[in-house]
Amino acid sequence: MAELKTKATDASVAGYIASRASEEQKADCKALMAILRRVTKEKPTMWGPSIVGYGTYKYTYDSGRTGEMCRTGFAIRGRDLVVYLLAEGKEQQALLAKIGKHKMGKSCLYFRRLADIDVKVLERLVVGSLAQLKSRYG
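Just so it is clear, the structure is predicted and the values come from calculations on it, not from any experiment. (Residues numbered from 1 in each chain as written. Predicted model: local features only at pLDDT ≥ 70, side-chain atom pairs only at ≥ 80, totals over all residues. Heavy atoms only, no water.)

Overview of the packing of helix 2 (residues 23–40) against helix 4 (residues 119–137)
Between two packed helices, the angle of one axis relative to the other and the distance separating the axes together describe the packing. The N-to-C vectors of helix 2 and helix 4 enclose an angle of 40 degrees; their axes lie 10 Å apart at closest approach. Here helix 4 runs oblique to helix 2, going by the angle between their axes. For the crossing formed where helix 2 meets helix 4, the hand is right-handed. Residue-level inspection shows Leu32, Ile35, Leu36, Arg38, Val39 and Thr40 of helix 2 in contact with helix 4, the latter providing Val119, Leu122, Glu123, Val126, Val127 and Leu130. Each residue belonging to the contact of helix 2 with helix 4 can be placed in one class, and the counts come to nine nonpolar, one polar and two charged. (Axes fitted to C-alpha atoms, helices over the stretch in contact; angles between N-to-C directions. Helix = DSSP H or I, 4+ residues; strand = E, 2+ residues; numbered from the N terminus. Parallel < 35°, antiparallel > 145°, perpendicular 65-115°, else oblique. Left-handed = near helix turned anticlockwise from the far one by under 90°. Contact = heavy atoms within 4.5 Å. Nonpolar A, V, L, I, M, F, W, Y, C, P; charged D, E, K, R; others polar.)

With respect to unusual backbone geometry
Even without being a glycine, lysine 41 presents a positive backbone phi close to 60 degrees. Looking at the element boundaries, lysine 41 is found in the loop between helix 2 and strand 1 (44–47). Since its relative accessible area comes to 70%, lysine 41 is described here as exposed. (Buried < 20%, exposed > 50% of the residue type's maximum accessible area, 1.4 Å probe, protein only.)

Quick look at the sheet that holds strand 2 (residues 51–54)
Here six strands make up an open sheet; going across it, the order is 1-2-5-6-8-7 and the pairing antiparallel. Lying at the two open borders of the sheet, with one neighbouring strand each, are strand 1 and strand 7 (103–104). Where strand 1 lies against strand 2, four bridges are found, and the strand directions are antiparallel. Note on strand 2: the bridge partner recorded for threonine 45 is glycine 53. Each of strand 1, strand 2 and strand 5 (72–77) touches helix 1 (residues 13–20); the most contacted strand, strand 5, lies at about 30 degrees to it. (Pairing = 2+ DSSP bridges.)

The quantities given are spatial measurements derived from coordinates; they are silent on function.
Dropping the structure here:
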């Protein structure tokens, strides 16, 4: 089985942000780090070359494949910021409808800047996502 590329590393979170973020993104990353640290009570760790992750969980797919990933995190993707979270269920979907200007992938919330979204709603989405992960994976 192939080794997972996205795993916790000793790389510098500050170095990643300094090398990838615009000035506006640097301020938003600092604010995101404060939110995610407060909600998860975890220190940030680099996951792979480009995800600032918080906490860990182990998963097993129906196929039997297992792995480990950060419980939540964020990344700089060009001009967008991405927060990794689960947004399944009616309550999470209702929050997404209130968050502001964004795009949602399977587990990726994309937005241009924090000023485009309601940060309190983002925080509630992360809390809901952590609860979903806990109920699914323990």
